[in-house]
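# Structural features, examined
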Amino acid sequence: MQIYKSIRTQEFTFFIKVQLSLLLLIVSSFSLFAQDTLQLSLKDTIPTTFSLDSLRGNLPSDATLYGTDSIPNVSASRGNLDSVKISEDAFETAVDYSAQDSMIYDIKDEKIYLYGNAKVTYETMELTAGFMILDWSTNEVSAEGFIDSTGNLGQFPQFKNGEQEFEAKRMRYNFDTEKGIIYEVSSTQQNLYVIGTKSKLVRTKTTIPETDSVITEDIIYSEDAIFTTCNHSTPHFGIRSTKQKIIPNKMIVIGPSRLEVAGVPTPLYIPFGFFPISDIETGGLIFPDGYEFSPQWGFGLQNIRYFFPINDYVNFTAAADIYVKGTFRLGGTMNFKKLYKYSGNVNFDYSRQRSEAPDATITFEPAVSFGASLRQATGAHPTRTIGGSINVRFNNYQSANFNDAQSVLNQSFSSNFSLNQSFPGKPYNFSLGFTHSQNSGKMTMNFPNFNFQTQTVYPFKRKKIKEGKSLKERWYEQIAFRYQGEMRAGVSGSDTLSQFFNSENFSRNLNAGARQRASLNTSLRLLKHFSLTPSVNYTNSVNLKYTEIDFIDIPEIVVDTIVNEFDTTQFQFVDRFVSFGEIERDTITGLRPIHELGASLSLNTILYRTWNRKRQRGWLRGLRHTVKPSASLNWSPDYTEGRFNYQGTYLERIDVDEKVERTYNIFQNSLYRAPTGEERAAISFSINNIYEAKYYSKKDSVEKKLKLFDNFIVNGNYNFAADSLRFSDLGANGTTRLFKGISTFQFQARWSPYVLNENGRKIDQFYYDVSGGKPLRFDQANFRLSTSLSIKQIQDLIAGKETSSNSGFNQGTSLANDRQERSAETVQDYESLGDWLSRFRISHNFVVDVKRLPTGVDTLQIRTHNFSVSGSIQLSQNWNLNVGNFGYDFKNKGFSYPSFGFSRDLHCWDLNFQWYPTRNVYTLSIAVSDAPLDFIKIPSIRNQADGRFQGIR
């Protein structure tokens, strides 16, 4: 198009042109109406006077220019002109258009020129650009950028239709055919940026016969296009293809393509491909996380996945690691969720690793993992709750498949899954559950765990109080009753899969039983300040199995033969007994009950002692000592005779002519163990001391409290029914926190009133009689100091600031994937070395045991002394250095399981390196940061198998 570069400025001439233009507009309005509700609107932001020199291009000689005051906003509608014949080429619906700077109407050529933030709306389509031409003769619109008064090109065309959006340098769109040509298009599809040299936009309409509804889609066909996850103006990488088809919110289909990095084509070539971009779950293959070549395992692909959307509530993902030499890992995860009801998952993994020793011996090491979780929504059911987690590992699964410190060092796992049912208005409930625990190669599973229990019931409380009777509760009305019954079955054994589920081992290790407990208790107030609590309890247990032990008296001797050198005479004699026999244990299946009976009477109170300075000066303003003394009398029957005797006996030969009677608990390997020991009637005492201080804070100008000791407990007992050694050891333990909770100090100590013999056993002789008046003999003590803090906490502590145990680096956060946290920080924020190390955490554990030998010599043994550091240093906004679990064990004189690594944010790529020197394992990779192109990765890995045999070959 062409635009006038100058016009005559005489007022009379301009007036004549405006009048003629108005006349032509009225005449031509009939033609406009024939185009079917073409709406004309002029924005009030257009200035009344303007210069055409500010516009670019030329207009035809007979074109007419209007300003804001030239004509009012015009709206054409077919409804008020029913007699007017509508053109067959007219728009089906109204077209709205506007411009911020100016609009020029070319009546002859049937075109409208829109300048500055121009906007055209048609049905659900919206197009904005700096400059547009609306041609109502062909029902087309053309759009391109706009050069402002400063000479800068901007306001490029932006197309929007529903969720479909893109930006281009220029484009042309036909309202009739609903097709368009786009040049240098840039669109975003989910997390993908698509840039095409030349594209074609085609609108398709599909009618659904069942509902007669029409589905409209805008499909883009492109040539010489690139798609990437890099949002840089010039993408750092991408997959360039000769042909592309984009179906919005569904998929991108590509023809022959190759990877392009920094504008340089690479040899990585694919003949075709497709990438789903839908928010709706659809099944399909998910690219592997990576690949590697291992001398032990061969070439392999890691974490190949296939996604199965089963329905609206359940989906399943199958995963695998596959290596050409036979190592593989197969697994799957099923996720389920129902809104306002429940959510959870079930996962299973099986791995088999092929190992080849230096002597060419090939072994396969299987490992299994099973997990499940269920979370019931709050309020999903008024009386029933179900949920928990299951986490079972066999054959050292964690250490075999992962290298991080938590997986390698943690050998403890547990599970707890239960169903709980209550009954409104009823004083009882029940639960059914599964529990599991494993540690250091041992595993225990319990299922089913059925538990029925009552709430606290007051059987003697009056339901109705007769008129004239006292409303005050009588002492017997406070008697409370509780009942609990349970049935359990469990199996224990090695956490090796083949051994745990071996039929013979499983049957031998399986235990089952039931237990009932009933108790009566009440609480009485004495002298206003004392609480007296009497109680009686009875327990009845039944085991499915019990043990019988016998001694097989079959002596085994060694006979030596001596040969006479002169006459070859042989003499035989008994040299020594190797064994006098063997102990035989037999597990008997049968129901055997256990009865336990007990009674107690306890007395409790609380005492306070406070000291305040008369003159409120200085730092220390007061002390407070809280004492919680308690005393109790406990009785239990004799479990060595009568119906309460659960011991068996056997005779064991210890010499040629000597046998000794041994006793054993017949329920020692059963689910419920029976109590042993003689009658007990003991009075016990415990004194819990709490020490607090009140001090003055100059910083805040207020008085604050400081806990000196969280608790300091002294306890012991005296057994009236014992025939000897009636006094127990006197014990003491305490806990305090130092440095505002950063360190925790704990101690335990024990003193005995009796003497030790030469074998280190207590005898019925008071230490007071042989020590010259000392009442107690020191026996042993334990001291523990644990510290865990971040560098930031140390800084706050030195500066006198408030700190918490959660400040600083969070060990649960991955150091290599904290892009958002690092992007918010800059190196300029670091003003000191402490700032650089602020994301580090220091842990220190020190445990000392002190024990006195029978000779009277005290021995001090350091049981635990280790120091560890973990954290990261942000060298720059993009560089991050991390140290994981680096420490030293001073007792064993060795380093713990350390790891070192660094990461580099390369905008749309990530560089990661991690090294585990203890295993001689490392990982190095350069990978695309974001999905769905994060499968583009260049890895270099040495896995467990390669690191294990490194240096042996």
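Residues numbered from 1 in each chain as written. Predicted model: local features only at pLDDT ≥ 70, side-chain atom pairs only at ≥ 80, totals over all residues. Heavy atoms only, no water.

## Section: the overall build of the protein chain
Our working definition: Each helix is a run of H or I in the DSSP string that is no shorter than four residues. Each strand is a run of E no shorter than two, and both are numbered from the N terminus. When accessible area is computed with a 1.4 Å probe and restricted to protein chains, residues below 20% of their type maximum are described as buried, those above 50% as exposed, and intermediate ones as partly exposed. Contacts are residue-level and defined by heavy atoms, with any inter-residue pair within 4.5 Å sufficient. Methods summary: accessible areas were calculated by the Shrake-Rupley approach with a probe of 1.4 Å, and residue burial reflects only the protein chains presented.
The secondary structure content of the protein chain amounts to 10 helices and 56 strands. Counting all 953 residues of the protein chain, 37% fall into the buried class. Within the protein chain, contacts between residues separated by at least 24 positions form 54% of all contacts whose residues are at least 6 apart in sequence. Total accessible area on the protein chain stands at roughly 55700 Å², and carbon and sulfur atoms take up 55% of it.

## Observations regarding the nonpolar core
Let me state the cut-off plainly: Each nonpolar core is a collection of buried residues, namely Ala, Val, Leu, Ile, Met, Phe, Trp, Tyr and Cys, held together in the definition by side-chain atoms within 4.5 Å.
Counting 45 residues, the largest nonpolar core has Leu 114, Met 132, Phe 237 and Leu 933 as its most contacted members. Excluding its chain neighbours within four sequence positions, the residues that come into contact with Met 132 are Ile 112, Tyr 113, Leu 114, Ala 118, Lys 119, Val 120, Leu 127, Val 141, Ser 142 and Ala 143. Grouped together as the second largest cluster of nonpolar side chains are 12 residues, Ile 549, Ile 594, Tyr 639 and Tyr 646 included.

## Observations concerning the pattern of salt bridges
Definition in use: By convention in these notes, a salt bridge is any Lys or Arg side-chain nitrogen within 4 Å of a carboxyl oxygen on Asp or Glu.
Evaluation of the coordinates by the stated rule reveals 24 salt bridges. We note a salt bridge from Arg 240 to Glu 260, for which the minimum N-O separation is 2.8 Å. Of this pair, Arg 240 sits in strand 15 (residues 237-247) while Glu 260 sits in strand 17 (residues 257-261), and the two are 20 residues apart along the sequence. A salt bridge links Arg 662 to Glu 652; its shortest N-O distance comes to 3.0 Å. Of this pair, Arg 662 sits in strand 41 (residues 658-665) while Glu 652 sits in strand 40 (residues 647-655), placing them 10 residues apart in sequence. A residue is classified by how much of its surface remains accessible, and Glu 652, at 18% relative accessible area, is buried. What you see here is one network of salt bridges that share partners, running through Asp 729, Arg 750, Lys 762, Arg 777 and Asp 779.

## So, unusual backbone geometry
Cis geometry is found at the peptide bond from Phe 447 to Pro 448, where omega equals 0°. If you trace the backbone, Pro 448 turns up in strand 30 (residues 442-454). Of note, the phi angle at Asn 139 is positive, near 60°, even though the residue is not glycine. By the element assignment, Asn 139 lies in the loop between strand 5 (125-135) and strand 6 (140-144). According to the relative accessible area criterion, Asn 139 is buried, its value standing at 1%. For Leu 527, which is not a glycine, the phi torsion comes out positive at approximately 50°.

## As for the side chain of Glu 260
Operational definition: Throughout this description, a polar contact denotes any pair of N or O atoms lying within 3.5 Å of each other; where both atoms belong to protein, one of them has to be capable of donating a hydrogen while the other can accept it, and for residues adjacent in sequence the pair is counted only when both atoms sit in side chains.
The buried category is assigned to Glu 260, whose relative accessible area is 11%. A distance of 2.8 Å separates the side chain of Glu 260 from the side chain of Arg 240, its partner in a polar contact. For Glu 260, the contacting residues outside a window of four places in its chain are Ile 226, His 236, Phe 237, Gly 238, Arg 240 and Pro 265.

## A closer look at the pairing of strand 51 (residues 879-889)
Side chains on a regular strand alternate between the two faces of the sheet. Our working definition: Each pair of strands is called paired provided DSSP finds at least two bridges between the two strands.
Alignment of strand 50 (residues 858-873) against strand 51, held across seven bridges, turns out to be antiparallel. Bridge pairing in strand 51 links Gly 871 to Val 883. The antiparallel hairpin formed by strand 50 and strand 51 contains five residues in its connecting segment. Pairing of strand 51 with strand 53 (residues 899-905), which is carried by six bridges, proceeds in the antiparallel orientation. Looking at the pairing, Trp 879 lines up with Arg 904 of strand 53. For strand 51 and strand 52 (residues 894-895), the ladder comprises two bridges, and the chain directions are antiparallel.

## Observations regarding the environment of Glu 652
Taking the C-alpha atoms as reference points, Glu 652 and Ile 583, separated by 69 residues in sequence, lie 8.1 Å from one another. When neighbours within four sequence positions are excluded, Glu 652 is seen to be in contact with Phe 551, Ile 583, Glu 658, Lys 659, Val 660 and Arg 662.

## Let's talk about a negative patch on the surface
Spelled out, the test is: Patch membership requires over 30% relative accessible area and the absence of a salt bridge. Like charges are linked within 9 Å, and nonpolar side chains (Val, Leu, Ile, Met, Phe, Trp, Tyr) within 5 Å. All tallies of charge rest on Lys and Arg as positive and Asp and Glu as negative; His and the ends of each chain are not included. Think of each charge as sitting on NZ of Lys, CZ of Arg, CG of Asp or CD of Glu.
On the surface, Glu 548, Asp 550, Glu 582, Glu 584 and Asp 586 cluster together to form a negatively charged patch. The greatest single-element share of the negative patch, amounting to three residues, is contributed by strand 37 (residues 582-604). For Glu 548, the position within the fold is in strand 34 (residues 530-552).

## Details of the state of the cysteines
Rules: Note on terminology: disulfide denotes any pair of cysteine sulfur atoms within 2.5 Å.
Per the counting criterion, the structure on display carries zero disulfides. For Cys 230, which is in no disulfide, the shortest distance to another cysteine sulfur is to Cys 908 and amounts to 3.5 Å. For Cys 230, a relative accessible area of 2% gives the class buried. Given the relative accessible area of 3%, Cys 908 is considered buried.

## A look at a nonpolar patch on the surface
Nonpolar side chains collect at one region of the surface, where Tyr 291, Phe 293, Phe 299, Leu 301, Val 324, Leu 906, Ile 926 and Ile 938 lie side by side and expose about 740 Å² of accessible area between them. Those elements that place two or more of their residues in the nonpolar patch are strand 21 (290-294) and strand 22 (298-309). The residue Tyr 291 is located in strand 21 in this model.

## Description of the packing of aromatic side chains
Heads up, the condition is: Side-chain rings of Phe, Tyr and Trp, where Trp is taken by its six-membered ring, are said to pair if the distance between their centres is within 6.5 Å; with planes under 30 degrees apart they count as stacked, over 60 as edge-to-face, and otherwise as tilted. The rule is short: NZ of Lys or CZ of Arg within 6 Å of the ring centre and within 35 degrees of the ring normal puts a charge over the ring.
Following the criterion strictly, the structure yields 47 aromatic pairs and no others. Arranged with centres 6.1 Å apart and planes meeting at 45°, the rings of Phe 328 and Tyr 350 form a pair that is tilted. Of this pair, Phe 328 sits in strand 24 (residues 328-338) while Tyr 350 sits in strand 25 (residues 342-356), and the two are 22 residues apart along the sequence. The lysine or arginine in question, Arg 393, covers the ring of Phe 413, its NZ or CZ lying 5.6 Å from the ring centre. Against the face of Tyr 546 rests Arg 592, its NZ or CZ located 4.6 Å from the ring centre.

## What to know about the environment of Ile 286
Relative to the helices and strands, Ile 286 resides in strand 20 (residues 284-286). We classify Ile 286 as partly exposed; its relative accessible area is 29%. Between the C-alpha atoms of Ile 286 and Ile 304, which are 18 residues apart in sequence, the distance is 6.6 Å. Apart from residues no more than four positions distant in its own chain, Ile 286 is found in contact with Arg 305 and Phe 307.

## A look at the side chain of Asn 345
One can find Asn 345 in strand 25. Since its relative accessible area comes to 18%, Asn 345 is described here as buried. Reaching out from Asn 345, the side chain makes a polar contact with the side chain of Asn 347 at a distance of 3.5 Å. Once residues within four sequence positions are removed from consideration, Asn 345 is found in contact with Met 334, Asn 335, Phe 336, Gly 371, Ala 372 and Ser 373.

## Describing the confidence of the model for the protein chain
Note the following rule: Confidence scores here are pLDDT values: one per residue, from the predictor, ranging 0 to 100.
For the protein chain, per-residue confidence averages 80 on the pLDDT scale, and residues scoring 70 or more make up 82% of the total. Confidence, expressed as mean pLDDT per element, reaches its minimum in the protein chain at helix 1 (residues 11-33) with 37 and its maximum at strand 32 (residues 510-521) with 95. The low-confidence segment residues 1-81 (pLDDT under 50) makes 132 contacts with residues lying over four places distant or belonging to another chain. Throughout residues 805-828 the model reports pLDDT below 50, and contacts reaching past four residues in sequence, or to other chains, amount to 49 contacts.

## Describing the pairing of strand 3 (residues 102-106)
Burial runs high along strand 3: five of the five residues are buried. Taking every second residue as pointing to the same face, both faces of strand 3 are buried, with Ser 102, Ile 104 and Asp 106 on one and Met 103 and Tyr 105 on the other. Both strand 3 and strand 4 (residues 111-122) contribute to a ladder of five bridges, which runs antiparallel. Residue pairing for strand 4: Asp 106 is matched across the bridge by Lys 111.

## Here's the deal with the environment of Ile 133
Checked against the element boundaries, Ile 133 lands in strand 5. A relative accessible area of 18% means that Ile 133 is categorised as buried. In sequence terms Ile 133 and Ala 143 are 10 residues apart; their C-alpha atoms lie 6.6 Å from each other.

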